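Survey of secondary and tertiary structure
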Amino acid sequence: MTTTPLGDFLRSRRAAVRPTDLGLPDAGPRRVPGLRREEVAQLTGMSVDYYVRLEQGRERTPSAALLDALSTALRLDDDARSHLFRLAGLAPRDRGPHGVEHVDEGLVQLLSAWPNNPALVYGRAYDVLAANPIAEALFGGFAFTRNLMLLVFTDPHPHDFYADWPAVAANTVAGFRMRFGRSPDDPRIKSVLHELLAGSAEFRDFWARHDARGKAPEVKTFHHPEVGDLTLRTQIFDVRGAAGQELVVYHADPNSPSADAVALLGSLSATA
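What this report covers is the structure whose coordinates are included nearby.

Cut-offs and rules
- Residues numbered from 1 in each chain as written.
- Predicted model: local features only at pLDDT ≥ 70, side-chain atom pairs only at ≥ 80, totals over all residues.
- Heavy atoms only, no water.
- Helix = DSSP H or I, 4+ residues; strand = E, 2+ residues; numbered from the N terminus.
- Contact = heavy atoms within 4.5 Å.
- Salt bridge = Lys/Arg side-chain N within 4 Å of Asp/Glu carboxyl O.
- Buried < 20%, exposed > 50% of the residue type's maximum accessible area, 1.4 Å probe, protein only.
- Axes fitted to C-alpha atoms, helices over the stretch in contact; angles between N-to-C directions.
- Parallel < 35°, antiparallel > 145°, perpendicular 65-115°, else oblique.
- Left-handed = near helix turned anticlockwise from the far one by under 90°.
- Nonpolar A, V, L, I, M, F, W, Y, C, P; charged D, E, K, R; others polar.
- Pairing = 2+ DSSP bridges.

Let's shift gears to the environment of F85. As for its placement among the helices and strands, F85 is situated in helix 5 (residues 78-87). Along the backbone, F85 and R31 are 54 residues apart, and their C-alpha atoms lie at a distance of 28 Å. With residues near it in sequence (within four places) discarded, F85 still touches A64, L67, D68, S71, L90 and A91.

Have a look at this one:
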């Protein structure tokens, strides 16, 4: 069967919606989870044949109005809706050519001004481009790899390092899917994707879900070999003027055991 990224995404989103979520009857056996194609067509006002052609890659030019209807029927959030429009060619992709990435010197100085907050900047393919000393200490100097995708899926100890590895993995892959949708021809993104598809069955399983969402503030717990467990909040900021770069800053709740662990981590990084 012919397939396209647009068709694959629609099929995955259809499977993720329960009929009862939309007030539809859930009677009778279903061969696959989620909505039937006929139900999506009914909800969006299109013919069943047209929707089938979309999923099978035989129709590749849906209108913006139709994509809006699909976004509503499939309960897409803003990130997934943007991804849908981009796959359909109705939203801009990042401009090339994609050269070597550099971090602004002023931003590097800013990272150094936060000795008690792990902070790093990663690029289009989740390569860590800059990190302050305490972030280096948190991630063990990135001894295995400085790519966060490869760290999560190919580092020998990611399941030990991240307390909730499945959630971290799912969110990381969903963010990488967004980046691939924006820059499918970026050689570095393609290289990391090829390495992950070839080397990690766990990544292949997550990639097959077609989840697409940007990075958002979250809480992560790390099992650190030197200072013990740290539960840290993250804040993520787009770096203006450097497409694809994001700044991540970690912080612990005041007067918490994690704050004490971060202070110890800072002492170790200063000593190192």
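Picking up where we left off.
This part covers the pattern of salt bridges. Applying the stated criterion across every chain, the model contains 16 salt bridges. R37 is the salt-bridge partner of E55, the closest N and O atoms lying 3.0 Å from each other. Note that E55 is positioned in helix 3 (residues 48-56) and R37 in helix 2 (residues 37-44), a separation of 18 residues in sequence. In this structure, the salt-bridge partner of E136 is R146, at a minimum N-O distance of 2.9 Å. Of this pair, E136 sits in helix 7 (residues 133-138) while R146 sits in the loop between helix 7 and helix 8 (148-154), placing them 10 residues apart in sequence. Residue E136 is classed as partly exposed on the basis of its relative accessible area of 21%. According to the relative accessible area criterion, R146 is partly exposed, its value standing at 34%.

Okay, the environment of A259 next. Take A259: it is sitting in helix 13 (residues 257-271). In contact with A259, not counting residues within four places along its chain, are A252 and D253.

The complete set of buried residues in helix 2 reads E39, V40, A41 and T44. Tucked into the core, helix 2 has its buried residues touching helix 1 (5-16), helix 3 and helix 4 (64-73). G45 lies just past helix 2 and shows a positive phi near 80°.

Remark: helix 1 packs on helix 5, axes separated minimally by 9 Å, with the N-to-C direction vectors making an angle of 150°. In terms of axis orientation, helix 1 runs roughly antiparallel to helix 5. Judged by the sense of rotation from one axis to the other, the crossing of helix 1 with helix 5 is left-handed. Residues P5, L6, F9 and L10 of helix 1 touch helix 5, and the partners they reach there are A80, H83, L84 and L87. Here the residues of the contact of helix 1 with helix 5 are counted per class, giving 7 nonpolar, 1 polar and no charged.

Right, let's get into unusual backbone geometry. Trans is the prevailing form of peptide bonds, just as negative phi is the prevailing case for residues other than glycine. With phi around 55°, R75 is a residue other than glycine that occupies positive phi space. Structurally, R75 is set in the loop between helix 4 and helix 5. Judged by relative accessible area, R75 falls into the exposed class, the value being 51%.

Further remarks concern the side chain of S71. Residue position: S71 is located in helix 4. The residues touching S71, leaving out its near neighbours within four places in the chain, are L76, R81, L84 and F85.

All right, on to the pairing of strand 1 (residues 119-122) then. On strand 1, burial covers both faces: A119 and V121 on one face and L120 and Y122 on the other are all buried. As paired strands, strand 1 and strand 5 (residues 246-251) are joined by 4 bridges and run antiparallel to one another. Along strand 5, the bridge assignment pairs V121 with L247. By the bridge criterion, 3 bridges tie strand 1 to strand 2 (residues 128-131) in an arrangement that is antiparallel. Its bridge partner being in strand 2, V121 is matched across the sheet by A130.

Quick look at the pairing of strand 5 now. A large share of strand 5 lies buried, amounting to 5 of its 6 residues. Direction of pairing for strand 4 (residues 228-238) relative to strand 5: antiparallel, over a ladder of 6 bridges. Its bridge partner lying in strand 5, T234 is registered against Y250.

A separate point is the packing of helix 1 against helix 3. The geometry of helix 1 relative to helix 3 is characterised by a closest axis approach of 6 Å and an angle of 115° between their N-to-C directions. Viewed along their axes, helix 1 and helix 3 adopt a mutual orientation that is roughly perpendicular. On the side of helix 1, the interface is formed by L6, G7, L10, R11 and R14, while helix 3 contributes Y51, L54, E55 and Q56.

Moving on: the sheet that holds strand 1. Reading across the sheet, the 5 strands line up as 2-1-5-4-3 and stay open at both edges, with antiparallel pairing between neighbours. The open sheet has two edge strands, strand 2 and strand 3 (219-224), and neither has a second partner. Each neighbouring strand pair of the sheet contributes to a mean axis angle of 30°, computed without reference to strand direction. Sitting on the sheet, helix 6 (residues 105-112) is in contact with strand 1, strand 2 and strand 5, with an inclination near 155° to strand 1. Across the face of the sheet, helix 13 comes into contact with strand 3 and strand 4 while running at roughly 85° to strand 4.

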